[in-house]
Amino acid sequence: MAPAHVLRCCQRVLGWIPVLFITLVVCWSYYAYVLELCIYTIRSDTEKVIYLVFFHIFFILFVWSYWKTIFSCPANPSKEFCLSKSDKELYEKEERQEYQQEILRRAAKDLPIYTTTATNAIRYCERCQLIKPDRCHHCSTCDVCVLKMDHHCPWVNNCVGFSNYKFFLLFLMYSLLYCLFIAGTVLQYFIRFWTLCRSKSEESCPQNELPDTRAKFHVLFLFFVSAMFFISILSLFSYHCWLVGKNRSTIEAFRAPSFRTGPEKDGFSLGFGKNFCQVFGDEKKYWLLPIYSSLGDGCSFPTRLVLGDPEQNVSAIHSDSSKNAVPSQQFPARPLSESQNRLLGSDSQWADSGDDHTQRGMWGGDSWNKGGL
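These remarks concern the structure in this document. These numbers come from a predicted model, not from an experiment.

1. Quick notes on the overall build of the protein
Okay, step 1: When you go through the protein residue by residue, the secondary structure sums to eleven helices and twelve strands.
Okay, step 2: Counting only carbon and sulfur atoms, one obtains 62% of the accessible surface of the protein, whose full area is about 18900 Å².

Okay, structure coming up:
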């Protein structure tokens, strides 16, 4: 036990190295832009003021969203998804898998669960000892089950999921704007530093040239670093914008959720507008601020698989289930929460569905881990 505990502590400490690296780069960029460029290099007071005002706006929003992404605790399943003490004892004593599933089905009969594993089994996390809600996965790095888990990001040393996905998107967006603004405003001075006047005195240099001072190093590297980060973040931000439009997580993009009728990659998609509101909320004043405004509870999600009249849908589901599904695998039709009703209106209702696969992967610099252990 002791070596495992020490290993876990070392892993947590080492996990902060990428965050420390980003923090040092941001601190240096602040010094290089504000002092070396705006204070010591730019001669026009008007240009200084304009650059400093917009720079600090992007800087504050970027740091704010990055901070919220890092320190927002991953949302975990509520206690209702944990097995009772008696069910847990029965489950642990039982060695036959089919009887273990019977125990889980009995415990899950009143839960808003509509997805299963690939074999139509109840999704259960052995590590956390709970029945996993829809779109919830176990992160081996954080060692917890995370609601609507997208991936584990080493650059924020945190899981990106239901509780902080909006903050993560804003962090990417403001990172892009921050880098784009720096690169765009530094470009002219980057070019002028290539034609440096070798004199240390500004008065003896031509008007279109700059004196050879220590600002040269900072301005040149400021442009290179901002341009490099902009290019690298652009693809990741574009990908996550596409995921929001499709209402998918990174995990679901690589392995489509399997519903009652089979795998359905757009099973949770309600249309771009509603998908967007599910992440950013329905109050426009909070969309661009790193303030929590996502809709729902993270444990249950509306789907678009069942449309039309609710009574007809229910009868159709039961009829189809009796023909094509095992009776013990049926799941309850549960009413939508208030926030989910705002999303769906009268367009769609809940359907019983099934999916879960355990996988581990990487997208760009981010990685995720999931699955019950």
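2. Observations concerning the layout of surface pockets
Okay, step 1: Counted as a void, the second largest pocket has a volume near 460 Å³.
Okay, step 2: Residue assignment for the lining of the second largest pocket shows that the elements contributing at least two residues are α1 (2–14) and α3 (45–71).
Okay, step 3: Counting residues per element, the lining of the second largest pocket draws most heavily on α1, which supplies three residues.
Okay, step 4: Residues that form the lining of the second largest pocket fall into these classes: eight nonpolar, eight polar and three charged.

3. Quick notes on the side chain of S294
Okay, step 1: Tracing the backbone through its elements, the reader meets S294 in the loop between α9 (272–280) and β9 (306–307).
Okay, step 2: Here V279 takes part through its backbone oxygen, which lies 2.5 Å from a polar atom of the side chain of S294.
Okay, step 3: Every residue in contact with S294, bar those within four places of it in the chain, is listed here: K166, Q278, V279 and G281.

4. What to know about unusual backbone geometry
Okay, step 1: If you check the backbone angles, Q129 has positive phi at about 55 degrees while not being a glycine.
Okay, step 2: Summarising the element assignment, Q129 is placed in the loop between β1 (124–125) and β2 (130–131).
Okay, step 3: A positive phi is found at K148, a non-glycine position, where the angle reads about 45 degrees.
Okay, step 4: By the element assignment, K148 lies in the loop between β4 (144–146) and β5 (151–153).
Okay, step 5: Given a relative accessible area of 12%, K148 falls into the buried group.

5. What about the pattern of salt bridges?
Okay, step 1: Within this structure, the stated rule accounts for eight salt bridges.
Okay, step 2: Taking the shortest distance from any N to any O, the salt bridge between R105 and E102 comes out at 2.8 Å. Taken together, the residues R105 and E102, both in helix α5 (residues 97–108) and three residues apart, mark about one turn of the helix.
Okay, step 3: Across the pair K109 and D110 runs a salt bridge whose closest N-O atoms are separated by 3.3 Å.
Okay, step 4: The class of D110 is exposed, set by a relative accessible area of 53%.

6. Thoughts on a nonpolar patch on the surface
Okay, step 1: Among the surface-exposed residues, V49, I50, V53, F54 and I57 lie close enough to one another that they form a single nonpolar patch of about 440 Å² accessible area.
Okay, step 2: One can find I57 in helix α3.
Okay, step 3: Assessed through its relative accessible area of 44%, I57 is described here as partly exposed.

7. Observations concerning α5
Okay, step 1: Here α5 is twelve residues long and its end C-alpha atoms lie 16 Å apart, about the 16 Å a rise of 1.5 Å per residue gives.
Okay, step 2: Among the residues making up α5, those that are buried are Q100, Q101, I103, L104, R105 and A108.
Okay, step 3: Close packing links the buried residues of α5 with α4 (85–93), β1 and β2.

8. Brief notes about the environment of T41
Okay, step 1: Within the element layout of this structure, T41 appears in the loop between α2 (17–39) and α3.
Okay, step 2: Residue T41 is classed as buried on the basis of its relative accessible area of 7%.
Okay, step 3: Each C-alpha atom, one on T41 and one on A215, is 7.1 Å from the other, the two residues being 174 residues apart in sequence.

9. Structural notes on the nonpolar core
Okay, step 1: Grouped together as the largest cluster of nonpolar side chains are 54 residues, with contacts concentrated most on Y33, F55, Y165, F168 and V186.
Okay, step 2: Going through the elements one at a time, α2, α3, α6 (165–192), α7 (215–246) and α9 are the ones with two or more residues in this core.
Okay, step 3: With 17 residues, the single largest contributor to this core is α6.
Okay, step 4: Not counting the four nearest positions on each side in its chain, Y33 is found in contact with C38, Y51, F55, F181, I182, T185, V186 and L222.
Okay, step 5: Core analysis: the second largest hydrophobic core is formed by 22 residues, L83, L104, I113 and F259 among them.

10. A look at the packing of aromatic side chains
Okay, step 1: Enumeration over the complete set of coordinates arrives at 28 aromatic pairs.
Okay, step 2: Look at F62 and F171: their rings are 5.9 Å apart centre to centre, the planes differ by 25 degrees, and that puts the pair in the stacked class. In this pair, F62 sits in helix α3 while F171 sits in helix α6, placing the two residues 109 residues apart along the sequence. F171 carries the same exposure label as F62, and that label is buried.
Okay, step 3: On the numbers, 6.3 Å between centres and 65 degrees between planes, the contact of F223 with F224 is edge-to-face.

11. Observations concerning empty space enclosed by the protein
Okay, step 1: In total, this model carries three cavities of 30 Å³ or more according to the counting rule given.
Okay, step 2: The computed volume of the second largest cavity comes to approximately 60 Å³.
Okay, step 3: Considering the residues around the second largest cavity, the lining is formed by K148, G161, F162, Y165, K166, Q278, V279, S294 and F301.
Okay, step 4: Of all elements in the fold, only α6 and α9 reach the threshold of two or more residues within the lining of the second largest cavity.
Okay, step 5: Classifying every residue of the lining of the second largest cavity gives four nonpolar, three polar and two charged.

12. Focus: α7
The periodicity of an α-helix, 3.6 residues per turn, causes residues three or four positions apart to be oriented the same way.
Okay, step 1: Compared with an ideal rise of 1.5 Å per residue, which puts 32 residues at 46 Å, α7 spans 46 Å between its outermost C-alpha atoms and is within 8% of the ideal.
Okay, step 2: I233 marks where α7 bends most, by close to 25 degrees.
Okay, step 3: Following α7 by one or two positions, N247 adopts a phi angle in the positive range, close to 55 degrees.

Parameters at a glance
- Residues numbered from 1 in each chain as written.
- Predicted model: local features only at pLDDT ≥ 70, side-chain atom pairs only at ≥ 80, totals over all residues.
- Heavy atoms only, no water.
- Helix = DSSP H or I, 4+ residues; strand = E, 2+ residues; numbered from the N terminus.
- Areas by Shrake-Rupley, 256 points an atom, 1.4 Å probe, with all protein chains shown as cover.
- 1 Å grid on protein atoms, 1.4 Å probe; cavity = no way out; pocket = protein on both sides within 12 Å on 5 of 7 lines; lining within 4 Å.
- Points joined across faces, edges and corners; volume = space filled by probe spheres on them.
- Nonpolar A, V, L, I, M, F, W, Y, C, P; charged D, E, K, R; others polar.
- Polar contact = N/O pair within 3.5 Å; in protein donor to acceptor, adjacent residues only side chain to side chain.
- Contact = heavy atoms within 4.5 Å.
- Buried < 20%, exposed > 50% of the residue type's maximum accessible area, 1.4 Å probe, protein only.
- Salt bridge = Lys/Arg side-chain N within 4 Å of Asp/Glu carboxyl O.
- Patch = residues over 30% accessible without salt bridge, like charges linked within 9 Å, V, L, I, M, F, W, Y side chains within 5 Å.
- Expected span 1.5 Å × (residues − 1).
- Core = buried A, V, L, I, M, F, W, Y, C linked by side-chain atoms within 4.5 Å.
- Phe/Tyr/Trp six-rings, centres within 6.5 Å; stacked < 30°, edge-to-face > 60°.
- Bend = angle between axes of the 7 residues up to and from the residue.

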